[in-house]
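# A closer look at the structure
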Amino acid sequence: MKNILESKFIQEFSNVIDRMYLLGWDERNAGNVSFILDQAELSLYLDLSKPGRLYPLQINAKALAGKYLLVTGSGKYFKNVKEHPEANSCIVKVTENGDHVEILWGLKPTERPTSELSTHLASHISRLEIDPTHRVIIHTHTTYTNMMSAITELDEKTFSKALWGLNTENIIIFPEGIGIIPWEIPGNGIIGKNTADKFKTFKIVLWPLHGVVACGDTLDSTFGLVETVEKAAMTYLTIKPFSNHKLISDEDLLRLAKAFNVKPNEAFIK
Ligand SMILES: [Zn+2]
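Residues numbered from 1 in each chain as written. Predicted model: local features only at pLDDT ≥ 70, side-chain atom pairs only at ≥ 80, totals over all residues. Heavy atoms only, no water.

As named in an unreviewed UniProt entry, the chain is Rhamnulose-1-phosphate aldolase, taken from Paracholeplasma vituli.

Put into structure tokens, the structure is as follows:
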């Protein structure tokens, strides 16, 4: 077996998590990430014939049966993942009946995957139904997007158009806009279901006064989406006090979408 700590998936996972910590988004044990792994690639690093420790799920994830995921651990600090991936994250396999995962690698026997595991699994199921290349869910406490949620009307159209209007390339990166769910207690079934439902339309979902959850086919593209939204929110908060500020017009947003062959959310602009 090859050394799993040298695998591309552990290195990429650890690097993205470390970057989010350094951006100030993931204080203490904030944030969680899950990454669907390729079985053939994983089998070079881990004996997949050995059964793992069973951990029960809050939802039925039968649609993901047999899938392997690299997931951050409950209560673990993003600050420590890069130096000690095995102590702060784990690899799980969804069981055939979908009501448990087996923990195959990482964490101590008394420890468990993120308390948002069911939110992640429900979100993976939702995205895989519309995008077979989907692999990543990131939840993080983005500073400026969170601040923006405190002072802006929590309306998806208003929020999305403010974010699109601040940088010429934003509508190309997230033409669906940003989804918003009502404020909710983290780790419960309601927030997981609401988030997974939003992922049927959007690739990034705002949890007001908390952070965002984003999805993508790679760690880079998912991180890049969060980074783009977060920078737009920072720009928004900086220019908001200036009464003469301008935004890209609807007409120009539509020209941009056409030029880059993306389809903006018709509920927001047409
Ligand atoms: Zn959180």
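### A few points about the domain arrangement of the chain
This is how the line gets drawn: Each domain's extent is set by a domain assignment, obtained either automatically or from a database. Pairs of residues are marked as contacts when any of their non-hydrogen atoms sit within 4.5 Å. What counts as buried area is the accessible surface, traced by a 1.4 Å probe, that two parts surrender upon association, with contributions from both included. A carboxyl oxygen of Asp or Glu within 4 Å of a side-chain nitrogen of Lys or Arg is what we treat as a salt bridge. For the purposes of these results, a polar contact is taken to be a pair of N or O atoms within 3.5 Å, where, inside protein, one atom must be able to donate a hydrogen and its partner to accept one; residues adjacent in sequence count only when each atom of the pair is a side-chain atom.
Parsing the chain into structural domains produces domain 1 (1-115) and domain 2 (118-270). Facing 32 residues of domain 1, the contacting portion of domain 2 comprises 24 residues. Both sides together, the interface formed by domain 1 and domain 2 hides about 2,300 Å², and carbon and sulfur atoms give 65% of it. Among the residues of domain 1 in contact with domain 2, W25, S34 and I36 are the three that bury the most area, contributing 27% of the side total. Remark: the boundary between domain 1 and domain 2 carries zero salt bridges. The interface formed by domain 1 and domain 2 contains eleven residue pairs in polar contact (both at pLDDT 80 or more).

### Observations concerning the pattern of salt bridges
A side chain of one charge can pair with a side chain of the opposite charge if their charged atoms are brought near each other. Our working rule: The secondary structure listing takes helices from DSSP runs of H or I that are at least 4 residues long and strands from runs of E that are at least 2 residues long, numbered from the N terminus. Exposure categories follow from relative accessible area, calculated using a 1.4 Å probe and restricted to protein chains: below 20% of the type maximum is buried, above 50% is exposed, and the middle band is partly exposed.
Under the definition given, this model contains eight salt bridges. With a closest N to O distance of 3.7 Å, K8 and E12 form a salt bridge. Of the two residues, K8 and E12 both sit in helix α1 (residues 8-22), four residues apart, roughly one turn of that helix. Classification of K8 as exposed rests on a relative accessible area of 57%. Three or more residues joined by partner-sharing salt bridges are found here, namely K193, D197 and K200.

### Let's talk about unusual backbone geometry
Within the chain, L107 stands out as a residue other than glycine whose phi angle is a positive 70°. You can call L107 buried: its relative accessible area is 14%. We note that N261 has phi near 55°; this positive angle belongs to a residue other than glycine. Relative to the elements of secondary structure, N261 occurs in the segment after α11 (250-259). Assessed through its relative accessible area of 70%, N261 is described here as exposed.

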